[in-house]
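Residues per chain, in single letters:
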Amino acid sequence: VPFAADALALERPRSLEQALAMLAADPALAPMAGCTDVYVGLHFGTVPQRRFIDLWGLDELRGIRADGEVLRIGALTTYAEIIRSKLASKRVPMLIAASREIGGAQIQNRGTLGGNIANASPAGDTLPVLAAAGARIVLRSHTGARAVPFESFYTGYRASVRRPDELIVAVEIPRVDGRQWWRKVGTRRAQAISKIMMAAVRGETVRIAYGSVAPTVVLATRTAGVLSAGGSLADARRALRSEIAPIDDVRSTGEYRRQVAANLLEQFWHETD
Amino acid sequence: MKLNVNGKTRTVKAHPMKRLLDVLREDCGLTGTKEGCGEGECGACTVLIDGVPVDSCIVPAVHAEGCKVITIEGATATRTGRALQNAFVTHGGAQCGICTPGMILAAAPLPPGASLDQIKTALAGNLCRCTGYPAIFRSVRSALKGKAGRAVRR
């Protein structure tokens, strides 16, 4: 047994209200849901928390619905549920494409959209999609709710504006105008952590987001601005170099990522022409 | 905790955060479920919870409470499971055997006559280090075609 479960404590709220009250009383509780990140961390001893709050049973946080032009996805919605959703596939096909490439079926059946956001990895596969779509993260605490634009949600490496007494309850995706594009580059198609990924929308304006090229997901606004204004691909590539700061790690070198980021930009532009 | 495993209700005295994998192996004595990587990468520990494949090494046991868990011991008691098991034998889909229970359980929810693409997608989360995948895909394909157990002459 890799970790001693007996040393861990678990709170099991029966409702969101109860969960928020527990967190207000004890913000040190670490939220867990599908456990695809938490249990890997426990296995390797990289999760320091010992006291958890189990959100998996809170069905009110599941489901995908349209609120007029806004698509609202509950935080506990799994990747498998997103992949099966006709509504999501009509409105944000790039989110379906990203979800399909996360882990394998076993991970897609357990991993949640809210968990991908909360885990705050720079390699989180849905995060460039949410950035490119201009999503809002809905947070709730015992005292109220707020919606944070995706681009101001993260404040640094694995850091966000979420307070310890707040939970991510939903993601709101506005209407996305234009052609959507997604590509993940990894060592194999399934079960691979991204070396780099890019989500983009080509409409009246262009939106481009990259993952795994900086401490947080990057919304490449200057690069997109060049293309929106009718600038050349060469100018866009130059802008891109100043917007990303990839590092060398176990999966890739920074230079490889720079090159591939530029290649993806070109591929996106040609394929959505 | 009350767990329904392979159609039988069991009461186990275990911490709610104990890995489902360990509860199955240690508390239920069902050692057919294997541990490979322990981090949700290899799929060796795949079981079905309410018919859905999950990696039991990253599922807290308490998440299986009130659900129907099927392990390899239960799967091979069903018709599809037996067909898969026989096909793995016939087509050389198993060598060391560590990945086999997970492969069979990941394939179990596939519809009859599933395409090679569907099979590859269903097994994308299961790693094999011995046979390579073609023999496994052949086994699953043949089981889902209902040809399981028929000897293949080469």
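Structural data are supplied above this passage.
For every chain, the first residue of the written sequence is number 1, and numbering continues from 1 onward in sequence order. Labels are handed out in written order, letters beginning with A for the chains and numbers beginning with 1 for the ligands. Only residues with pLDDT of at least 70 are given local features in this predicted model, and only at 80 or more are side-chain atom pairs given and counted; all residues enter the totals for whole chains, interfaces and linings. Side-chain numbers here rest on the full set of heavy atoms in the structure, without hydrogens or water.

A. How the structure looks around the nonpolar core. The definition of a nonpolar core used throughout is a set of buried Ala, Val, Leu, Ile, Met, Phe, Trp, Tyr and Cys residues joined through side-chain atoms within 4.5 Å. Only protein chains enter the accessibility calculation, which uses a 1.4 Å probe; a residue is then buried when its area is under 20% of its type maximum, exposed when over 50%, and partly exposed in between. Counting 39 residues, the largest nonpolar core has A:Tyr39, A:Leu42, A:Phe52, B:Met17 and B:Ile49 as the members making the most contacts within it. Each helix corresponds to a stretch of at least 4 residues labelled H or I by DSSP, and each strand to a stretch of at least 2 residues labelled E; elements are numbered beginning at the N terminus. Of all elements in the fold, only strand 2 (30-32) and helix 2 (38-44) of chain A together with strand 1 (2-5), helix 1 (20-27) and strand 3 (46-49) of chain B reach the threshold of two or more residues within this core. In this analysis, two residues are considered to be in contact whenever any of their non-hydrogen atoms come within 4.5 Å of each other. When neighbours within four sequence positions are excluded, A:Phe52 is seen to be in contact with A:Leu8, A:Ala9, A:Leu10, A:Glu11, A:Leu29, A:Ala30, A:Met32, A:Val38, A:Leu42, A:Val47 and B:Met17. Residues A:Ile82, A:Val92, A:Ile96 and A:Val129 belong to the second largest nonpolar core, which totals 37 residues.

B. Broad picture of the packing of helix 10 (residues 233-243) of chain A against helix 11 (residues 254-271) of chain A. Residue and element names in this part refer to chain A. Orientation is described by axes fitted as lines to C-alpha atoms, over the contacting stretch for helices, and by angles from 0 to 180 degrees between their N-to-C directions. Between helix 10 and helix 11, the least distance of the axes is 10 Å, while the angle of their chain directions is 145 degrees. Here helix 10 runs over helix 11; the crossing is right-handed. Contact residues: helix 10 offers Leu 233, Ala 236, Arg 237, Leu 240 and Arg 241, while helix 11 offers Glu 255, Arg 258, Gln 259, Ala 261, Ala 262, Asn 263, Leu 265, Glu 266, Trp 269 and His 270. Asp, Glu, Lys and Arg are counted as charged, while Ala, Val, Leu, Ile, Met, Phe, Trp, Tyr, Cys and Pro are counted as nonpolar; the rest, among them Gly, fall into the polar class. Partitioning the contact of helix 10 with helix 11 into residue classes produces seven nonpolar, three polar and five charged. A crossing counts as left-handed when the near helix is turned anticlockwise from the far one by less than a right angle, and as right-handed when that turn is clockwise.

C. Local environment of the environment of A:Phe52. By the secondary structure assignment, A:Phe52 is in strand 3 (residues 51-54). Once the C-alpha coordinates of A:Phe52 and A:Met32 are considered, the two residues, 20 residues apart in sequence, prove to be 6.6 Å apart.

D. Main features of the interface of chain B and chain A. Counting residues at the interface gives 34 residues for chain B, matched by 31 residues for chain A. Taken together, the two surfaces of chain B and chain A that pack against each other cover about 2,400 Å², and 60% of this comes from carbon and sulfur. For this document, the term salt bridge refers to a Lys or Arg side-chain nitrogen within 4 Å of an Asp or Glu carboxyl oxygen. Where chain B touches chain A, the interface holds one salt bridge. A salt bridge links A:Arg12 to B:Glu65, with the nearest nitrogen and oxygen atoms 3.7 Å apart. Polar contact criterion, stated in full: a pair of N or O atoms within 3.5 Å, where within protein one must be able to donate a hydrogen and the other to accept it, and residues adjacent in sequence count only if both atoms are side-chain atoms. The interface formed by chain B and chain A contains nine residue pairs in polar contact (both at pLDDT 80 or more). If you list the elements that add at least two residues to the side of chain B that touches chain A, you get helix 1 and strand 4 (52-55) of chain B. A per-element tally of the side of chain B that touches chain A places strand 4 of chain B first, with four residues. The class makeup of the residues in the side of chain B that touches chain A is 17 nonpolar, eight polar and nine charged. Put simply, buried area is how much 1.4 Å-probe accessible surface two parts lose in total, over both of them, once they are put together.

E. Up close: the sheet that holds strand 1 of chain B. Residue and element names in this part refer to chain B. Ordered by their spatial adjacency, five strands build an open sheet running 2-1-5-3-4, and the pairing between neighbours is mixed. Each of the sheet's edge strands pairs with one partner strand only, and the pair in question is strand 2 (8-11) and strand 4. Averaged over all pairs of adjacent strands, the angle between strand axes in this sheet comes to 40 degrees, irrespective of strand direction. Inspection of the sheet shows strand 3 paired to strand 5 (residues 68-70) by two bridges, in the antiparallel sense. Note on pairing: two strands pair once DSSP finds at least 2 bridges between them.

F. Structural context of the pattern of salt bridges. All names here are of chain A. Across all of its chains, the model carries 24 salt bridges over all chains by this definition. Put simply, Arg 51 and Asp 26 hold a salt bridge, and the shortest N to O gap is 2.0 Å. Taken together, the residues Arg 51 in strand 3 and Asp 26 in the loop between helix 1 (16-25) and strand 2 connect sequence positions 25 residues apart. Overall, the relative accessible area of 37% leaves Arg 51 in the partly exposed class. We note a salt bridge from Glu 255 to Arg 241, for which the minimum N-O separation is 3.6 Å. Placement of the pair is Glu 255 in helix 11 and Arg 241 in helix 10, with a sequence separation of 14 residues. Look at Glu 255 and you get partly exposed, because its relative accessible area is 46%. Among the charged side chains, a network of salt bridges with common partners joins Arg 146, Arg 163, Asp 165 and Glu 166.

G. Region of the structure containing unusual backbone geometry. Residues and elements named next belong to chain A. Positive phi, close to 55 degrees, is recorded for Arg 158, a residue that is not glycine. Residue placement: Arg 158 occurs in the loop between strand 8 (154-156) and strand 9 (159-160). At Ser 212, a residue that is not glycine, the phi angle is positive and equals roughly 65 degrees.

H. Representation of the sheet that holds strand 1 (residues 9-11) of chain A in the model. Residue and element names in this part refer to chain A. Pairing is parallel in the open sheet, where three strands are placed in the order 1-3-2. On the outer flanks of this sheet lie strand 1 and strand 2, each paired with one strand and no other. Across the sheet, the mean angle from the axis of one strand to that of its neighbour is 35 degrees, orientation sign disregarded. Direction of pairing for strand 2 relative to strand 3: parallel, over a ladder of three bridges. Bridging across to strand 3, Ala 30 finds its partner in Phe 52.

I. Local environment of the side chain of B:Asn4. Residues and elements named next belong to chain B. Tracing the backbone shows Asn 4 in strand 1. A relative accessible area of 17% means that Asn 4 is categorised as buried. Within polar-contact distance, the side chain of Asn 4 engages the backbone nitrogen of Gly 7 at 3.2 Å. The residues contacting Asn 4, other than those within four sequence positions of it, are Thr 9, Cys 67, Lys 68 and Val 69.

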